[in-house]
Amino acid sequence: MKLRMQITKDPEIRFISHLEYARTISRAIRRAKLPAAYSEGFNPHLKFSLASALGVGVVSYTEFVEIELAQPMEVEPAARALDAALPRGIRVLAADAVDTHHAALMSQAAGAGYRVTLPYTQDISEAVAAFNAATELLFKKAAPKTKAGFKEIDVKFYIPQVTLVQDEEKTVFTFDCKITPTGSMKAVDLLNAFNEHYHLDLPVEMADIERLNLYRLSKKGNRVPMLNSDAVKLA
């Protein structure tokens, strides 16, 4: 039996790394005294996984953790026990049981929705319209581990469309981004691509980035929530 839970990475912990986030959850699972399964071998570890790595500085209301149990447990008590054991900044929002033989959680995530808010008021509607009409937009993303030092990616492959809302105080982008077995794309890279291709001066370092949803795809290619509709809701 596996428990799949929707959890958060709230603003107050947005700058901790993905590794520290995972370690925090691991410690909470132990504190909650869930009957979690452990791997075999000389150095056994908890059998749990996260759906998709989240960049430092990004807030999320839709992270997912999947915990394999050594023995069955009712979903709601398990979710409440973990929620009580988690520190400030991580909350359990919903939970469900999934079959142990299902595909790994990370391999199921196919896309995520984002909202990016910037303290920027210059009209960029023409740039957004040009981006949405483009069939391709190549961007050189820094990749220090490669021989060239960068990797060229097609932004439009990952982010086909962007929605823009501007007022007298801010600029807000909303968009969906693909997650593939070989990787995805960061929201800051989208902003840098806009600056480079459309000669803008978006203050990338001041971006407030939020992950709003995470989804998988059905066999027909339709978007499907990571949890079933009858999942237990805690908040």
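The present account deals with the structure reproduced in this document.

Here R14 is to be found in the loop between β1 (2-9) and α1 (18-31). At 2.9 Å, the side chain of R14 and the side chain of D208 are in polar contact. In this view, R14 contacts K9, V56, G57, V58, V59, D208 and I209; residues no more than four positions away in its chain are not counted.

This part is about the pairing of strand β4 (residues 92-98). Counting buried residues along β4, six of its seven residues qualify, which places the element largely inside the surrounding structure. Bridging between β1 and β4 involves six bridges; their strand directions are antiparallel. If you follow M5 over to β4, its bridge partner there is A95. Across two bridges, the pairing between β4 and strand β12 (residues 232-233) is antiparallel. Opposite A94, over in β12, you have K233 as the bridge partner.

Here we take up the pattern of salt bridges. As a working rule, side chains carrying opposite charge can pair if their charged atoms are close by. The full count for this structure, using the stated rule, is twelve salt bridges. Residue E12 is joined to R88 by a salt bridge in which the shortest nitrogen-to-oxygen separation is 3.4 Å. With E12 in the loop between β1 and α1 and R88 in the loop between α2 (75-85) and β4, this pair connects stretches of sequence that are 76 residues apart. E12 gets classed as partly exposed once you look at its relative accessible area, which sits at 45%. A salt bridge links E20 to R27, with the nearest nitrogen and oxygen atoms 3.0 Å apart. On the accessibility criterion, R27 (38% relative accessible area) is partly exposed.

Counted at 1.5 Å a residue, the expected span for α1 with its 14 residues is 20 Å, and the 20 Å between its end C-alpha atoms agrees. Of all the residues in α1, the buried ones are Y21, A22, T24, I25, S26, A28 and I29. Positive phi appears at K33, one or two residues downstream of α1, with a value of about 55°.

Turning our attention to the side chain of S60. Assignment of secondary structure puts S60 in strand β3 (residues 58-68). Side chain to side chain, S60 and E63 meet in a polar contact 2.6 Å long. S60 has contacts with T8, K9, L54 and R211, leaving out every residue within four places of it along the chain.

In this section: the packing of aromatic side chains. Centre distance and the angle of the planes are the two values used to describe a pair of aromatic rings. Summed over the entire model, instances satisfying the criterion amount to five aromatic pairs. For the ring pair F131 and F194, a centre distance of 5.1 Å and an interplane angle of 35° mean the geometry is tilted. One end of the pair, F131, is in helix α4 (residues 125-133); the other, F194, is in helix α6 (residues 187-198), and 63 residues separate them in sequence. Residue class for F131 comes out buried when judged on its relative accessible area of 1%. Ring geometry for F157 against Y158: centres 4.9 Å apart, planes inclined by 85°, an arrangement best described as edge-to-face. Look at Y158 and you get buried, because its relative accessible area is 11%. Among the aromatic residues, ring-to-ring pairing joins F131, F173, F194 and Y198 into one connected group. One Lys or Arg, K156, reaches over the ring of F131 and ends 4.7 Å from the middle of that ring.

So, on to unusual backbone geometry. One non-glycine residue with positive phi stands out, namely K33, at about 55°. Residue classification places K33 among the exposed positions, given a relative accessible area of 74%. The backbone of H199 sits at a positive phi, close to 55°, despite the residue not being glycine. Turning to its location among the elements, H199 is positioned in the loop between α6 and β10 (208-217).

On to the environment of E66. Mapped onto the fold, E66 is located in strand β3. Considering only alpha carbons, one finds E66 and T163, 97 residues apart in sequence, at a separation of 32 Å. With residues up to four places along the chain from it excluded, the contact list for E66 reads K2, L3, R4, K47, F48, S49, V98 and L105. Looking at E66, its side chain comes within polar contact range of the side chain of R4, at 2.7 Å.

The rules behind these values
Residues numbered from 1 in each chain as written. Predicted model: local features only at pLDDT ≥ 70, side-chain atom pairs only at ≥ 80, totals over all residues. Heavy atoms only, no water. Helix = DSSP H or I, 4+ residues; strand = E, 2+ residues; numbered from the N terminus. Polar contact = N/O pair within 3.5 Å; in protein donor to acceptor, adjacent residues only side chain to side chain. Contact = heavy atoms within 4.5 Å. Buried < 20%, exposed > 50% of the residue type's maximum accessible area, 1.4 Å probe, protein only. Pairing = 2+ DSSP bridges. Salt bridge = Lys/Arg side-chain N within 4 Å of Asp/Glu carboxyl O. Expected span 1.5 Å × (residues − 1). Phe/Tyr/Trp six-rings, centres within 6.5 Å; stacked < 30°, edge-to-face > 60°. Lys NZ or Arg CZ within 6 Å of the ring centre and 35° of its normal.

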